[in-house]
Amino acid sequence: NAGVTQTPKFQVLKTGQSMTLQCAQDMNHEYMSWYRQDPGMGLRLIHYSVGAGITDQGEVPNGYNVSRSTTEDFPLRLLSAAPSQTSVYFCASKEGQAYNEQFFGPGTRLTVL
Amino acid sequence: AQTVTQSQPEMSVQEAETVTLSCTYDTSESDYYLFWYKQPPSRQMILVIRQEAYKQQNATENRFSVNFQKAAKSFSLKISDSQLGDAAMYFCAYEEVTNFGNEKLTFGTGTRLTIIP
């Protein structure tokens with residue numbers, strides 16, 4: 001099992017550019033989520049999905065879009081990048097029930113100039 | 001909204017000694033779950049230990065144990081016999097219980113633990 005994979009590992013964007021962060025898991029998990037990690041602020045939930053075709057907003061959704069067409073994939077789209085979106089982004093997945101361990105990807109470091 | 005507070009941005013401990021990391025949370029729910037995650041320099045998030053709020057017995061995983069005080073809304077992590085590999089950022093997290101499968105993790109701001117050889 002590869003677990004949770006994320007691409008790219010690093011990315012530099014200019015303000016106004018768009019891009020998609022990829023996330024895939026091979027554990028057949030129903031629940032997937034995206035977090036951003038900023039210094040001194042811990043991890044904050046951006047969007048999450050409880051299954052294919054179902055997504056919902058987290059704590060900091062503005063500027064980001066998601067879709068879930070398959071169980072395995074959960075891409076995060078930045079529509080028009082802003083310097084405030086400079087962060088480390090983590091994708092995670094878990095089996096659907098509460099209390100289950102979330103498995104995290106290795107993260108993507110994004111810099112917006 | 002639930003909040004999780006880790007009041008110690010940094011801690012250090014001598015190798016082989018014991019250290020306790022603090023975490024408090026705010027919730028009006030009676031049933032929920034609490035977690036400690038570790039993030040070493042590799043950036044990979046790893047589950048250390050978890051606790052169900054309805055269980056009074058404190059969770060233990062080898063050298064890691066928690067002190068769960070439900071009335072005080074406190075969930076501290078004790079690391080015994082600290083090892084160099086324990087050096088990491090530690091995050092406390094809260095998860096509410098729902099019937100819909102849409103539970104969300106709320107993280108604290110983290111405590112950076114340094115192990116002194």
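Residues numbered from 1 in each chain as written. Chains lettered and ligands numbered in written order. Predicted model: local features only at pLDDT ≥ 70, side-chain atom pairs only at ≥ 80, totals over all residues. Heavy atoms only, no water.

J.: Hey, could you go over the sheet that holds strand β3 (residues 19-25) of chain A for me, with residue numbers and the actual values?
T.: Residue and element names in this part refer to chain A. In spatial order, the strands read β1-β3-β8-β7; together these four strands make up an open sheet with antiparallel pairing. The open sheet is flanked by β1 (4-7) and β7 (64-66), the only strands paired with a single partner. Each neighbouring strand pair of the sheet contributes to a mean axis angle of 20 degrees, computed without reference to strand direction. Of the strand pairs in this sheet, β1 and β3 are connected by four bridges, and their pairing is antiparallel. (Pairing = 2+ DSSP bridges. Helix = DSSP H or I, 4+ residues; strand = E, 2+ residues; numbered from the N terminus. Axes fitted to C-alpha atoms, helices over the stretch in contact; angles between N-to-C directions.)

J.: Which residues make up the side chain of A:S49, and what are the values?
T.: Residues and elements named next belong to chain A. Tracing the sequence through the fold places S49 in strand β5 (residues 42-51). Side-chain polar atoms of S49 contact the side chain of R68, separated by 2.7 Å. Once residues lying within four places of it in the same chain are set aside, the contact partners of S49 are E30, Y31, M32, I54, T55, R68 and F74. (Polar contact = N/O pair within 3.5 Å; in protein donor to acceptor, adjacent residues only side chain to side chain. Contact = heavy atoms within 4.5 Å.)

J.: Any chance you could break down the pairing of strand β6 (residues 54-57) of chain A for me, citing the residues and the numbers?
T.: All names here are of chain A. With three bridges connecting them, β5 and β6 associate as antiparallel partners. Following the sheet pairing, H47 is matched in β6 by Q57. Here β5 folds back onto β6, and the loop between the two strands holds two residues, one of which, G53, carries a positive phi near 85 degrees.

J.: Break down the state of the cysteines for me, citing the residues and quoting the values.
T.: All names here are of chain A. Using the criterion set out here, one finds two disulfides over all chains in the structure. The disulfide partner of C23 is C91, and the S-S distance across this bridge is 1.8 Å. The disulfide joining C23 to C91 has a torsion of about -70 degrees about its S-S bond and is therefore left-handed. Taken together, the residues C23 in strand β3 and C91 in strand β9 (residues 87-94) connect sequence positions 68 residues apart. C91 shares its class with C23; the two are buried. (Disulfide = S-S within 2.5 Å. Buried < 20%, exposed > 50% of the residue type's maximum accessible area, 1.4 Å probe, protein only.)

J.: Go over the interface of chain B and chain A, please, and point to the residues and values.
T.: Contact with chain B, which involves 22 residues of that partner, is made by 29 residues of chain A. The largest contributions to the chain B side of the interface with chain A come from B:R43, B:R50 and B:F107, which together make up 28% of the buried area. Viewed at the interface, chain A and chain B are joined by one salt bridge. Here A:K94 makes a salt bridge to B:E95, at a shortest N to O gap of 3.7 Å. Between the two partners, chain B and chain A, sit five residue pairs in polar contact (both at pLDDT 80 or more). Where the side of chain B that touches chain A is concerned, the elements lending two or more residues are β5 (32-39), β6 (46-52), β10 (88-96) and β11 (105-107) of chain B. Of the residues assigned to the side of chain B that touches chain A, the class counts are eight nonpolar, seven polar and seven charged. (Buried area = accessible area lost by both parts, 1.4 Å probe. Salt bridge = Lys/Arg side-chain N within 4 Å of Asp/Glu carboxyl O. Nonpolar A, V, L, I, M, F, W, Y, C, P; charged D, E, K, R; others polar.)

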